[in-house]
Amino acid sequence: MFDFSLPSNALQLLKPLDIAIPFFIIFMLIELTYGWKTRRIRYEGKDTLTSLTMSIGTTIAGALTAGIVLTAAYWVWENFRIFENLGSSIPIFILAFVLEDFTYYWIHRSGHRIRWLWAAHVIHHSSQHYNLSTALRQTWTDVFTPKFLFFWPLFLLGIEPAIVFFCAGLNLIYQFWFHTEAIDKCPRWFEALFNTPSHHRVHHAKNPQYLDANYAGVFIIWDKMFGTFVPEDKNEPCNYGLVHDLDTFNPLRVATHEWVGIVKDIWSAKGLKNKILFLVGPPGWTPDGSRMTSDMLRASWQKRQETAAKTATTSAPAE
Amino acid sequence: MNWMQLLFSSLAVLLVSFAVSRMFPKAAGLTAERICKNYRRYSPDAIQSDPIISTDQKSALLPCSQPNEELGIITALGGDVVCRTLLPDETARWQFGDGTITLKHGDFTQPTVKFILSEADFRRATTAIKALSPQNSANNAGTAHV
């Protein structure tokens, strides 16, 4: 039978996020003051309240579901791991950190390409602002997605779940600082290796040419390896939010809107294939193409660019 | 879960949000320029007419033509702008009152939009709605495919 308890010898590690919370607040106040003085950063009271309320909800949802997630993780690790004694040495922590970040890349990429996962992740993108409070606008409904399965290969490899979740916490802390417009570009070597404010601004932008890009958590190299890297273009300022922005600050509606959309679509869809595709197809997919996926939006933008270029060429005066 | 941490976090949330609302005043309401600029980003191919702006500057209608007949619904969310498009085959419920028009449609985060209009704008709005949905022409409170 499935036993809902952790092994007695499970590693006890600090929860990095718990320690980081006061620092999140301090850095937000610094950014706020900087934005107030320079007017270079946009904040909005109700938007901030929604983002921060979402973060409180995330903490509560995480606490309610942590037991199930941890127990399942330890069950996989204890029963199916390939390498028995990887232990908890510093090289194992470093390996776990890199592999967890690689895993995060694929979770995040799937979170944008599969509507089931997007239903949870969309919350993080639902603000039209890009500031440190946006970093804390997180989902409440991860537990209803198959996200946890992405970590299982690490447990199967033999890395103890406590180490993986510790690294996941560090990864999330790293991701806090680059949700800002206060920092333009970092040194070139840093921009080449790591995720930065510039790279992540692109990720949060709804401009067609920026859609579905820069999924990295810590190392931007994953995007460069798998063809999803798009650099920030100074001539194309980022326009933040969703293609169809939400018209509410109500945290409950923010947290559940995409789930409601999925249920409505599945309910009214004809045929099993369409019902399944409304869940696992890309956001915006419909059987008749009446809505736009990000690929369609990008193709449409490209077509407009080509038409504009042709028009400019034909209307240019002859020399 | 640490309840004390949760309590202090909640207090911090309220204080920071209050500080933000005092330090960053809301942008002005909807203007024709903001409406057209935002809707151009949202529906780049639409050919826009002049927007019909609610007197409280919180909402606007933007009749558009080509490649499709469409009606832009633009609302102000705090200082931000939210755009939607209504096409002829979409179900929406329009209620025409005394200088007000209320739109109810199946949008979970935007169930109702109210337009408070001057007499001239009310006439223009009614014409635009009628153009998109002839069957709703003289309806005072009906469901129409708009």
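Residues numbered from 1 in each chain as written. Chains lettered and ligands numbered in written order. Predicted model: local features only at pLDDT ≥ 70, side-chain atom pairs only at ≥ 80, totals over all residues. Heavy atoms only, no water.

1. Here's the deal with the interface of chain B and chain A
- If you look at the interface, chain B gives 33 residues, while chain A gives 39 residues.
- Carbon and sulfur atoms make up 64% of the area that chain B and chain A hide from each other, which totals about 3100 Å².
- Interface area lost by chain B to chain A is led by Phe24(B), Phe108(B) and Thr109(B), which between them contribute 22%.
- At the junction of chain B and chain A, the tally comes to 1 salt bridge.
- For the side of chain B that touches chain A, the elements supplying multiple residues, two or more each, are α1 (3-23), α2 (32-42), β4 (70-77) and β5 (80-86) of chain B.
- Ranked by residue count, the leading element in the side of chain B that touches chain A is α1(B), at 12 residues.
- In the side of chain B that touches chain A, the residues fall into 17 nonpolar, 11 polar and 5 charged. (Contact = heavy atoms within 4.5 Å. Buried area = accessible area lost by both parts, 1.4 Å probe. Salt bridge = Lys/Arg side-chain N within 4 Å of Asp/Glu carboxyl O. Helix = DSSP H or I, 4+ residues; strand = E, 2+ residues; numbered from the N terminus. Nonpolar A, V, L, I, M, F, W, Y, C, P; charged D, E, K, R; others polar.)

2. Observations concerning the state of the cysteines
- In this structure the tally under the stated criterion is 0 disulfides over all chains.
- Of all cysteine sulfurs in the structure, the one in Cys186(A) sits closest to Cys238(A), which takes part in no disulfide; the separation is 15 Å.
- Just so you know, Cys64(B) is unpaired, no disulfide at all, and the nearest cysteine sulfur is the one on Cys36(B), 8.4 Å from it. (Disulfide = S-S within 2.5 Å.)

3. Looking at the packing of aromatic side chains
Residues and elements named next belong to chain A.
- Summed over all chains, the structure comprises 27 aromatic pairs over all chains.
- Between Phe 93 and Phe 166, the aromatic rings sit 5.8 Å apart at their centres with planes inclined by 85 degrees, giving edge-to-face as the arrangement. With Phe 93 in helix α3 (residues 90-113) and Phe 166 in helix α7 (residues 161-177), this pair connects stretches of sequence that are 73 residues apart. Judged on exposure class, the residue Phe 93 and its partner Phe 166 are both buried.
- An aromatic cluster of at least three residues, connected via ring pairs, comprises Phe 97, Tyr 174, Trp 177, Phe 178, Trp 189, Phe 190, Phe 194 and Phe 219. (Phe/Tyr/Trp six-rings, centres within 6.5 Å; stacked < 30°, edge-to-face > 60°. Buried < 20%, exposed > 50% of the residue type's maximum accessible area, 1.4 Å probe, protein only.)

4. A look at the pattern of salt bridges
- Taken as a whole, this structure holds 16 salt bridges over all chains when the rule is applied.
- Salt bridges linked by common partners bring Arg113(A), Asp212(A), Asp295(A) and Arg298(A) together as one network.

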